[in-house]
Amino acid sequence: MNISHNISKFIGTGQRSATGREASFDFCFNYFQSFRRKNDIESIASSNNIEFSCLQLGFYLASWGMFRGSSPLGQKWSSKHYERFIEELVGFDRAIWDIDIPDYADAAKISLLLKFGSTVTTFLQHSSPILKTKVMLGIFGNVPAFDQFFRLPGYGLGGNASFCEKNLKAIFDFYNDNKSEIDSHQIPTLDFLTGQPTQILYPRAKIIDMAGYVEGGGPL
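This report concerns the structure included in the present document.

## Some points on the layout of surface pockets
- Approximately 420 Å³ is the volume found for the largest pocket.
- Every residue lining the largest pocket is counted, 19 residues in all, and those nearest its centre are Phe27, Cys28, Tyr31, Gln56 and Phe192.
- Contributions of two or more residues to the lining of the largest pocket are made by α2 (23–37), α3 (50–63) and β2 (197–201).
- Taken together, the residues that form the lining of the largest pocket break down as twelve nonpolar, six polar and one charged.

## Considerations on the nonpolar core
- Grouped together as the largest cluster of nonpolar side chains are 69 residues, with contacts concentrated most on Phe32, Phe85 and Tyr104.
- Elements with a contribution of two residues or more to this core: α1 (3–11), α2, α3, α5 (83–91), α6 (107–124), α7 (129–139), α8 (165–177) and α10 (204–215).
- If near-sequence neighbours (up to four positions away) are discounted, phenylalanine 32 is found in contact with Ile44, Ser53, Gln56, Leu57, Ile86, Leu89, Trp97 and Ile139.

## Focus on the pairing of β2
- Alignment of strand β1 (residues 188–190) against β2, held across two bridges, turns out to be antiparallel. Bridged to proline 188 within β2 is leucine 201.
- Once β1 ends, the chain turns through six residues before running back antiparallel as β2, passing glycine 195 with a positive phi of about 75 degrees.

## Concerning unusual backbone geometry
- Positive phi, normally seen in glycine, also occurs at glutamine 125, with a value near 55 degrees.
- Look at asparagine 160: it is not a glycine, yet its phi comes out positive at around 55 degrees.
- Inspection of the secondary structure puts asparagine 160 in the loop between α7 and α8.

## Notes on empty space enclosed by the protein
- Taken as a whole, this structure holds one cavity of 30 Å³ or more when the rule is applied.
- Empty space within the largest cavity amounts to approximately 80 Å³.
- Phe10, Phe25, Tyr60, Trp64, Lys134, Leu137, Ala145, Asp147, Lys206, Asp209 and Tyr213 together form the lining of the largest cavity.
- Elements that contribute at least two residues to the lining of the largest cavity include exactly α7 and α10.

## Focus on the packing of α2 against α7
- Where α2 contacts α7, the two axes come as close as 7 Å, and the packing angle between them is 65 degrees. For the pair formed by α2 and α7, the contact residues are Phe25, Cys28, Phe29, Phe32 and Gln33 on the first element and Leu137, Gly138 and Ile139 on the second.
- Residue composition of the contact of α2 with α7, by class: six nonpolar, two polar and no charged.

## Here we look at the packing of aromatic side chains
- Considering all chains together, one arrives at 15 aromatic pairs under this definition.
- Between phenylalanine 92 and phenylalanine 116 the ring centres are 4.9 Å apart and the planes differ by 85 degrees, which places this aromatic pair in the edge-to-face class. Of this pair, phenylalanine 92 sits in the loop between α5 and α6 while phenylalanine 116 sits in helix α6, and the two are 24 residues apart along the sequence.
- Taking relative accessible area as the criterion, phenylalanine 92 reaches 7% and is therefore assigned buried.
- Measuring from centroid to centroid gives 5.9 Å for phenylalanine 146 and phenylalanine 150, while their planes differ by 5 degrees, and the two rings are stacked.
- An aromatic cluster of at least three residues, connected via ring pairs, comprises Phe85, Phe92, Trp97, Phe116 and Phe140.
- Its end group placed over the ring of phenylalanine 35, lysine 38 keeps NZ or CZ at 4.9 Å from the ring centre.
- Sitting over the ring of phenylalanine 25, lysine 206 keeps its end group 4.6 Å from the ring centre.

## A few points about the side chain of serine 43
- Tracing the sequence through the fold places serine 43 in the loop between α2 and α3.
- Looking at serine 43, its side chain comes within polar contact range of the side chain of aspartate 40, at 2.6 Å.

## Some words on the packing of α3 against α5
- Closest axis-to-axis distance for the α3/α5 pair is 9 Å, and the angle between their directions is 100 degrees. Judged on the interaxial angle alone, α5 and α3 are roughly perpendicular. Across from Ile50, Ser53, Cys54 and Leu57 in α3, the residues of α5 making contact are Glu83, Phe85 and Ile86.
- Looking at the contact of α3 with α5, its residues break down into five nonpolar, one polar and one charged.

The rules behind each value
- Residues numbered from 1 in each chain as written.
- Predicted model: local features only at pLDDT ≥ 70, side-chain atom pairs only at ≥ 80, totals over all residues.
- Heavy atoms only, no water.
- 1 Å grid on protein atoms, 1.4 Å probe; cavity = no way out; pocket = protein on both sides within 12 Å on 5 of 7 lines; lining within 4 Å.
- Points joined across faces, edges and corners; volume = space filled by probe spheres on them.
- Helix = DSSP H or I, 4+ residues; strand = E, 2+ residues; numbered from the N terminus.
- Nonpolar A, V, L, I, M, F, W, Y, C, P; charged D, E, K, R; others polar.
- Core = buried A, V, L, I, M, F, W, Y, C linked by side-chain atoms within 4.5 Å.
- Buried < 20%, exposed > 50% of the residue type's maximum accessible area, 1.4 Å probe, protein only.
- Contact = heavy atoms within 4.5 Å.
- Pairing = 2+ DSSP bridges.
- Axes fitted to C-alpha atoms, helices over the stretch in contact; angles between N-to-C directions.
- Phe/Tyr/Trp six-rings, centres within 6.5 Å; stacked < 30°, edge-to-face > 60°.
- Lys NZ or Arg CZ within 6 Å of the ring centre and 35° of its normal.
- Polar contact = N/O pair within 3.5 Å; in protein donor to acceptor, adjacent residues only side chain to side chain.
- Parallel < 35°, antiparallel > 145°, perpendicular 65-115°, else oblique.

Note that all results are geometric; they support no functional claim without further evidence.
The structure is reproduced here in C-alpha coordinates:
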(Lines give C-alpha, C1' and ligand atoms only; values in the text may rest on other atoms or scores of the structure.)
Protein backbone atom coordinates (compact mmCIF):
# COMPACT_ATOMS: atom_id res chain seq x y z
CA MET A 1 0.00 0.00 0.00
CA ASN A 2 1.18 3.50 -0.85
CA ILE A 3 -0.02 5.15 2.35
CA SER A 4 0.96 8.71 1.49
CA HIS A 5 -0.57 8.48 -1.97
CA ASN A 6 -3.85 7.19 -0.51
CA ILE A 7 -4.01 9.95 2.08
CA SER A 8 -3.29 12.62 -0.53
CA LYS A 9 -6.03 11.18 -2.70
CA PHE A 10 -8.47 11.26 0.23
CA ILE A 11 -7.84 14.83 1.41
CA GLY A 12 -6.92 16.35 -1.96
CA THR A 13 -4.47 19.16 -2.55
CA GLY A 14 -4.56 22.72 -1.28
CA GLN A 15 -7.04 24.04 1.25
CA ARG A 16 -9.58 21.42 2.29
CA SER A 17 -13.24 22.30 1.96
CA ALA A 18 -15.20 22.71 5.18
CA THR A 19 -18.43 21.97 3.29
CA GLY A 20 -17.32 18.60 1.93
CA ARG A 21 -18.68 15.39 3.42
CA GLU A 22 -15.25 14.48 4.76
CA ALA A 23 -15.35 17.48 7.13
CA SER A 24 -18.25 15.91 9.03
CA PHE A 25 -15.64 13.87 10.89
CA ASP A 26 -13.73 17.02 11.82
CA PHE A 27 -16.75 18.75 13.33
CA CYS A 28 -17.95 15.72 15.27
CA PHE A 29 -14.46 14.92 16.56
CA ASN A 30 -13.77 18.56 17.48
CA TYR A 31 -17.05 18.78 19.37
CA PHE A 32 -16.59 15.75 21.57
CA GLN A 33 -12.88 16.32 22.08
CA SER A 34 -13.54 19.89 23.25
CA PHE A 35 -15.08 18.46 26.44
CA ARG A 36 -12.12 16.18 26.93
CA ARG A 37 -9.69 19.09 26.65
CA LYS A 38 -11.66 20.97 29.28
CA ASN A 39 -11.76 17.85 31.48
CA ASP A 40 -15.52 18.22 31.52
CA ILE A 41 -16.78 15.08 29.78
CA GLU A 42 -19.90 14.96 31.95
CA SER A 43 -21.16 18.14 30.29
CA ILE A 44 -21.63 16.31 27.01
CA ALA A 45 -24.85 14.95 28.52
CA SER A 46 -25.89 18.06 30.46
CA SER A 47 -29.32 19.56 29.87
CA ASN A 48 -27.66 22.41 27.97
CA ASN A 49 -25.76 20.12 25.62
CA ILE A 50 -27.57 16.79 25.30
CA GLU A 51 -29.66 17.75 22.28
CA PHE A 52 -26.68 19.16 20.40
CA SER A 53 -24.56 16.13 21.34
CA CYS A 54 -27.19 13.83 19.84
CA LEU A 55 -27.42 15.94 16.71
CA GLN A 56 -23.65 16.08 16.28
CA LEU A 57 -23.30 12.32 16.41
CA GLY A 58 -26.42 11.66 14.34
CA PHE A 59 -25.45 14.02 11.53
CA TYR A 60 -21.92 12.66 11.37
CA LEU A 61 -23.29 9.11 11.06
CA ALA A 62 -25.81 10.19 8.44
CA SER A 63 -23.14 12.00 6.45
CA TRP A 64 -20.97 8.90 6.52
CA GLY A 65 -23.68 6.60 5.18
CA MET A 66 -25.16 5.05 8.31
CA PHE A 67 -28.73 6.16 7.49
CA ARG A 68 -28.81 4.55 4.05
CA GLY A 69 -31.13 1.80 2.89
CA SER A 70 -32.82 -0.23 5.59
CA SER A 71 -30.60 0.93 8.46
CA PRO A 72 -32.75 1.34 11.59
CA LEU A 73 -30.83 4.50 12.46
CA GLY A 74 -32.52 6.32 9.60
CA GLN A 75 -35.76 4.37 9.37
CA LYS A 76 -36.96 4.08 12.95
CA TRP A 77 -35.49 6.69 15.25
CA SER A 78 -35.12 10.42 15.79
CA SER A 79 -32.09 12.20 17.24
CA LYS A 80 -33.43 11.53 20.74
CA HIS A 81 -32.58 7.87 20.17
CA TYR A 82 -28.96 8.82 20.91
CA GLU A 83 -29.75 10.29 24.32
CA ARG A 84 -29.27 7.12 26.37
CA PHE A 85 -26.07 6.35 24.52
CA ILE A 86 -24.68 9.84 25.23
CA GLU A 87 -25.55 9.42 28.90
CA GLU A 88 -23.72 6.11 28.95
CA LEU A 89 -20.77 7.62 27.11
CA VAL A 90 -20.01 10.17 29.81
CA GLY A 91 -19.99 7.49 32.51
CA PHE A 92 -17.71 5.12 30.63
CA ASP A 93 -14.12 4.44 31.70
CA ARG A 94 -12.18 7.65 31.01
CA ALA A 95 -9.22 5.66 29.66
CA ILE A 96 -11.14 5.16 26.40
CA TRP A 97 -10.52 8.82 25.50
CA ASP A 98 -6.72 8.39 25.54
CA ILE A 99 -6.42 5.36 23.26
CA ASP A 100 -4.87 5.55 19.81
CA ILE A 101 -3.23 2.87 17.67
CA PRO A 102 0.07 2.64 19.62
CA ASP A 103 -1.95 1.75 22.73
CA TYR A 104 -3.18 -1.45 21.07
CA ALA A 105 -0.03 -3.04 22.50
CA ASP A 106 -1.88 -3.12 25.83
CA ALA A 107 -4.38 -5.98 26.02
CA ALA A 108 -6.42 -4.03 28.58
CA LYS A 109 -6.83 -1.17 26.09
CA ILE A 110 -8.03 -3.55 23.39
CA SER A 111 -10.49 -5.04 25.87
CA LEU A 112 -11.78 -1.54 26.64
CA LEU A 113 -12.33 -0.82 22.95
CA LEU A 114 -14.29 -4.04 22.53
CA LYS A 115 -16.33 -3.29 25.62
CA PHE A 116 -17.26 0.12 24.25
CA GLY A 117 -18.25 -1.50 20.98
CA SER A 118 -20.75 -3.58 22.95
CA THR A 119 -22.02 -0.39 24.57
CA VAL A 120 -22.74 1.05 21.13
CA THR A 121 -24.73 -2.05 20.23
CA THR A 122 -26.70 -2.01 23.48
CA PHE A 123 -27.67 1.65 23.53
CA LEU A 124 -28.07 2.31 19.80
CA GLN A 125 -29.87 -1.02 19.34
CA HIS A 126 -28.02 -1.83 16.17
CA SER A 127 -25.19 -4.35 15.98
CA SER A 128 -22.66 -3.95 13.21
CA PRO A 129 -18.89 -3.46 13.11
CA ILE A 130 -19.45 -0.46 10.84
CA LEU A 131 -21.62 1.36 13.38
CA LYS A 132 -19.38 0.51 16.35
CA THR A 133 -16.23 1.72 14.68
CA LYS A 134 -17.71 4.81 13.01
CA VAL A 135 -19.09 5.97 16.36
CA MET A 136 -15.75 5.38 18.06
CA LEU A 137 -13.84 7.11 15.27
CA GLY A 138 -16.09 10.18 15.36
CA ILE A 139 -16.00 10.60 19.13
CA PHE A 140 -12.60 9.30 20.24
CA GLY A 141 -10.59 8.86 17.04
CA ASN A 142 -9.30 5.56 18.38
CA VAL A 143 -10.27 3.01 15.68
CA PRO A 144 -10.60 3.14 11.89
CA ALA A 145 -14.07 2.60 10.48
CA PHE A 146 -14.57 -1.05 9.50
CA ASP A 147 -16.79 -0.41 6.49
CA GLN A 148 -17.00 -2.30 3.20
CA PHE A 149 -14.08 -0.35 1.72
CA PHE A 150 -11.54 -0.50 4.55
CA ARG A 151 -8.69 -2.82 3.60
CA LEU A 152 -5.15 -3.43 4.79
CA PRO A 153 -3.70 -5.93 2.30
CA GLY A 154 -1.29 -8.39 3.81
CA TYR A 155 -2.75 -7.98 7.29
CA GLY A 156 -5.91 -10.02 6.91
CA LEU A 157 -8.25 -7.03 6.85
CA GLY A 158 -10.76 -6.92 4.03
CA GLY A 159 -14.07 -5.13 3.60
CA ASN A 160 -16.63 -5.42 6.40
CA ALA A 161 -14.07 -6.83 8.83
CA SER A 162 -15.32 -7.96 12.22
CA PHE A 163 -14.58 -5.79 15.24
CA CYS A 164 -12.48 -8.17 17.27
CA GLU A 165 -9.16 -8.52 19.07
CA LYS A 166 -7.49 -10.24 16.13
CA ASN A 167 -8.25 -7.41 13.73
CA LEU A 168 -7.26 -4.69 16.20
CA LYS A 169 -3.91 -6.43 16.62
CA ALA A 170 -3.55 -6.57 12.83
CA ILE A 171 -4.02 -2.79 12.69
CA PHE A 172 -1.39 -2.42 15.40
CA ASP A 173 1.01 -4.53 13.33
CA PHE A 174 0.29 -2.43 10.25
CA TYR A 175 1.03 0.72 12.24
CA ASN A 176 4.28 -0.64 13.64
CA ASP A 177 5.44 -1.68 10.17
CA ASN A 178 4.67 1.78 8.76
CA LYS A 179 5.11 3.97 11.83
CA SER A 180 7.38 6.63 10.34
CA GLU A 181 5.19 7.22 7.32
CA ILE A 182 1.94 7.26 9.29
CA ASP A 183 3.34 9.58 11.97
CA SER A 184 4.63 11.97 9.30
CA HIS A 185 1.07 12.96 8.38
CA GLN A 186 0.17 15.83 10.69
CA ILE A 187 -3.29 16.77 9.43
CA PRO A 188 -5.29 19.39 11.36
CA THR A 189 -9.05 19.26 11.69
CA LEU A 190 -11.11 22.11 10.28
CA ASP A 191 -12.98 24.59 12.45
CA PHE A 192 -16.73 24.79 11.84
CA LEU A 193 -17.09 28.58 12.21
CA THR A 194 -14.07 29.67 10.17
CA GLY A 195 -13.50 26.64 7.95
CA GLN A 196 -9.80 27.04 8.74
CA PRO A 197 -7.36 24.49 10.19
CA THR A 198 -7.30 24.10 13.97
CA GLN A 199 -4.50 23.04 16.32
CA ILE A 200 -6.18 19.63 16.68
CA LEU A 201 -4.51 16.90 14.65
CA TYR A 202 -6.05 13.80 13.16
CA PRO A 203 -5.26 10.78 15.37
CA ARG A 204 -3.35 7.87 13.89
CA ALA A 205 -6.54 5.82 13.67
CA LYS A 206 -7.98 8.42 11.31
CA ILE A 207 -4.83 8.43 9.18
CA ILE A 208 -5.05 4.64 8.83
CA ASP A 209 -8.79 4.90 8.22
CA MET A 210 -8.22 7.18 5.20
CA ALA A 211 -5.42 5.06 3.79
CA GLY A 212 -7.41 1.84 4.14
CA TYR A 213 -10.58 3.40 2.71
CA VAL A 214 -8.83 4.54 -0.46
CA GLU A 215 -7.03 1.19 -0.76
CA GLY A 216 -10.42 -0.54 -0.82
CA GLY A 217 -11.73 1.70 -3.59
CA GLY A 218 -13.95 3.90 -1.45
CA PRO A 219 -15.67 6.68 -3.43
CA LEU A 220 -14.42 10.22 -2.89
